[in-house]
Amino acid sequence: LDYQHVQVPFEITLWIMLASLAKIGFHLYNKLPSVVPESCLLIFVGLIMGGIIYGLNDRSPPVMDSDIFFLYLLPPIVLDAGYFMPSRPFFENIGTILLYAVVGTIWNVFGISFSLYGICQVRAFQLQDVSLLHNLLFGSLIAAVDPVAVLAVFEEIHVNEKLHILVFGESLLNDAVTVVLYKLFRSFCEMPTIKSVDVFAGVGKFFVVGLGGVLVGLSFGFTAAFTTRFTKDIRVIEPLFVFLYSYLSYLTAEMFHLSGIVAIIACAMGMKRYVEANISLKSHTTVKYFMKMWSSVSDTLIFIFLGVSTIGENHEWNWPYICFTVIFCLVWRALGVLVLTFFVNRFHVNTITSKDQFIIAYGGLRGAICFSLVFLLPEFHRKKLFIAATTVVILFTVFVQGMTIRPLVDLLAVKRKRESAPTVGEQIHIRFLDHLLAGIEDISGHWGQYYWKDKLEYFNSKYLQKILLREYDQPKSSIVLLYEKLERKHAIELAEAGQLGHGPAHPSLLGPGFLCSSNDRTVRTNQKLEDTQNPDVLDNMQEILARNLYRIRRTGPAYNRHTLPGESEPSEHAKEILILRHKGL
Amino acid sequence: LEVSQGAQPPIPSLLSPTVTSEQIEHLHRRFKQLSQDQLTIRKENFDSIPDLEFNPIRGKIVHAFFDKRNLRQESDGLADEINFEDFLTIMSYFRPIEMNMDEEQLDRFRKEKLKFLFHMYDSDHDGKITLQEYRNVVEELLSGNPHLEKESARSIADGAMMEAASICVGQMGPDQVYEGITFEDFLKMWQGIDIETKMHVRFLNMETIAHCY
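Conventions we followed
Residues numbered from 1 in each chain as written. Chains lettered and ligands numbered in written order. Predicted model: local features only at pLDDT ≥ 70, side-chain atom pairs only at ≥ 80, totals over all residues. Heavy atoms only, no water. Helix = DSSP H or I, 4+ residues; strand = E, 2+ residues; numbered from the N terminus. Buried < 20%, exposed > 50% of the residue type's maximum accessible area, 1.4 Å probe, protein only. Contact = heavy atoms within 4.5 Å. Areas by Shrake-Rupley, 256 points an atom, 1.4 Å probe, with all protein chains shown as cover. Patch = residues over 30% accessible without salt bridge, like charges linked within 9 Å, V, L, I, M, F, W, Y side chains within 5 Å. Salt bridge = Lys/Arg side-chain N within 4 Å of Asp/Glu carboxyl O. pLDDT = per-residue confidence, 0-100. Core = buried A, V, L, I, M, F, W, Y, C linked by side-chain atoms within 4.5 Å. Domains from an automatic or database assignment. Polar contact = N/O pair within 3.5 Å; in protein donor to acceptor, adjacent residues only side chain to side chain.

Draft legend 1. Just the overall build of chain A, in detail. Per the secondary structure count, chain A includes 23 helices and 0 strands. Per-residue burial for chain A yields a buried fraction of 52% across its 585 residues. Of the contacts formed within chain A by residues at least 6 apart in sequence, a portion of 82% connects residues at least 24 apart. Total accessible area on chain A stands at roughly 27,000 Å², and carbon and sulfur atoms take up 66% of it.

Shown next as structure tokens:
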């Protein structure tokens, strides 16, 4: 047996296998995922595994290495989130999201830290030696909402789009603040004296970290888009570029002590539009599937390791401190959301209702990021206390809040996601409204959001698309893209239903030479006929088209971990239609 | 209603109390700029706005300002020139929603805005959006892409029309002909989009800031 030789990859594969088998196991019982969110079940499995290992070896099981978490497990999840982020609602609410992410997190950090410091002053709890600085450090890592946990829970409850994007966007963007504060307090711990100059440097650093992350991300994103311009002849490695550039942007940002999460999101959002135009359909599917797969595996592994790491001798159970930590986390988050929403509602027409506010406050879940950060703390005699407190907070938020949020959403009748299929008509209307509002803003001389959006679009079409798109001469509007997508689905449906290859179903209506199926050439000829302004022809066409039953299949939400919009293998006929239609468009 | 230069213009009744005098001042200044200090604006005056040139539906927007149906006059057709009161009337379609509106006011508010949009789509003023008019809209929207063929814009419009038919009429019988989208159908189509919050120009929201002081 040469176990030593293969040990490392073997064990890694075994863990991943365990994670995937656990996932299958949950979905075998249909009722289970609806009551208990998956993250809880995975932590539970982790707890069992940890217990087994502890029992067998009689020492603490391997704790999740922070490096492994930050370098390997976190990026796929954030990339998946950023790539499939619906950009329209995100940018429409960007002000609110930034307010929650930046001001809200700072509020939470200082609130929690100072209250805990107050608790430490009470003699009875034996916490005198935990200094203010230690509390600040602890506060900075426990205050931030975790995107992994939020994703895992919110994915299953389908609240309305705006609410989802607020919580989710906040959890992603608060990384910049967390990074700065954590590193700041950490460096303060090591410095003998702290001058006010250092504090100001810290504030300035925040802007550097955030904006720097965005810049790094965007530059990698545009480079990726540029690279895919030339991949026409080597389609097979196209998906690789998407992943390589995103990962590089994350690593580069981390290298410069900037926010890696912000960088990878900026990269994904920046490159998505151009890359999708450049790469082939198959590559596109590959990218989607791989991203979902990797983020799924990462997600599962993180929660299992969380469970495993809980067992062991890493903890110092000072219950007063721990309980107060949990209480303060909840209280300060609720207060923060209330105060900030009050300000936001003064300036916005579309107010955030109190139900929504409750869900935002309640959805402030902590997860693996705090866990890893606490292990990265420098060794001092109270570290185990912090580890214990972090573990309890995470377990509390994931189990208690995660499990009860769905019944609460039902109970409060929070506005749910609108379950309707995208229609071409809606796209047309929204675009029409965009242009109308931009025009009105121009006429009234006001530089509002539509004005800037218009300007950005103009810049995009004049300069960016020329450089980054391969087939520049065919820029596609979102209306056209959606229409193509729906047409494809329609063609696939027809192929599946076996309607291709049959002759026209109603020869009597062939009068002007119409065909009710998808033979492109015939339809084109008929449209030329229609140019003769024959009203009968127009009526006929409407009838035939209506009879064709242009059914639109539902697409699932883009950010669902488990399912992708069903795409089956098109038959040969459908492929032919696609090619013909594609040439036409 | 005479609007004298420089004096405070009277607020048309339909706008009070939602539009403050500051906003009226601002719009009045803009009106004077556009009309080159005349009392009325003609279509040609809109050419002086440089950014409007790149707007694909420019023609429809300008047309909407002169459309008598939007100016709340009983007559139909196009006006040749509009004065400041008419200008304000059109702008009032883009005022934001208020906190204290009840159900009925909200419904009227929404219908007003959708009526404005409907008039923009329905260019021949016959109360219906026909297939040809819809095609026209889509062609204009996609006119920014010089290489997109006219036929593709047409098939997109056809597809959208069929969707509209299926929403408004449901399953059509073999001999039924869908003539065009009436205003009731139009309302149905926009049910999913919350136009009360989307269709407004932000600067008209200054009243909330004014109330803060």
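Draft legend 2. Representation of the overall build of chain B within the structure. The secondary structure content of chain B amounts to 9 helices and 2 strands. Secondary structure of chain B in N-to-C order comes out as α-β-α-β-α-α-α-α-α-α-α. A burial count over chain B gives 51% of its 213 residues as buried. Expressed as a percentage of contacts within chain B between residues at least 6 apart in sequence, the contacts between residues at least 24 apart total 56%. Accessible surface for chain B amounts to roughly 10,100 Å². Of this, 48% is attributable to carbon and sulfur atoms.

Draft legend 3. Seen up close, a nonpolar patch on the surface. All names here are of chain A. A contiguous nonpolar surface patch, about 720 Å² in accessible area, is contributed by W107, I327, V331, L335, L338, V339, F342 and F343. For the nonpolar patch, the element with the highest residue contribution is helix 14 (residues 319–347), accounting for 7 residues. Mapping I327 onto the fold places it in helix 14.

Draft legend 4. Quick look at the confidence of the model for chain B. All names here are of chain B. Across chain B, pLDDT averages 73, with 76% of residues at or above 70. Confidence, read as mean pLDDT per element, is least for helix 9 (residues 206–212) in chain B (34) and greatest for helix 4 (residues 103–121) (84). A low-confidence stretch, residues 1–8 (pLDDT under 50), is modelled with 17 contacts involving residues beyond four sequence positions or located in other chains. Throughout residues 205–213 the model reports pLDDT below 50, and contacts reaching past four residues in sequence, or to other chains, amount to 13 contacts. In the predicted complex, the global pTM is 0.74; the interface-specific ipTM is 0.85.

Draft legend 5. Focus on the side chain of A:S298. On the secondary structure map, A:S298 appears in helix 13 (residues 281–310). Not counting residues within four places of it along the chain, the set of residues in contact with A:S298 comprises A:Y72, A:L73, A:P76 and A:I77.

Draft legend 6. Seen up close, the nonpolar core. Counting 139 residues, the largest nonpolar core has A:L74, A:L141, A:F154 and A:Y321 as the members making the most contacts within it. Top contributing element to this core by residue count: helix 9 (residues 161–190) of chain A, with 16 residues. Mapping this core onto the domain boundaries places at least three of its residues in each of domain 1 (3–412) and domain 2 (424–471) of chain A. In contact with A:L141, other than residues within four places in its own chain, are A:Y182, A:C370, A:L373, A:V374, A:L377 and A:T390. If you look at the next biggest cluster of nonpolar residues, it comprises 69 residues, including B:V137, B:V138, B:A164 and B:M199.

Draft legend 7. Looking closely at the environment of B:Q33. Residues and elements named next belong to chain B. Looking at the secondary structure, you find Q33 in helix 1 (residues 21–35). Overall, Q33 belongs to the exposed group, its relative accessible area being 53%. A distance of 2.9 Å separates polar atoms of two side chains, one belonging to Q33 and the other to R30.

Draft legend 8. Examining unusual backbone geometry more closely. All names here are of chain A. With a phi close to 60 degrees, H257 is a non-glycine residue in the positive phi region. Turning to its location among the elements, H257 is positioned in the loop between helix 11 (238–255) and helix 12 (260–278). Look at H257 and you get partly exposed, because its relative accessible area is 47%.

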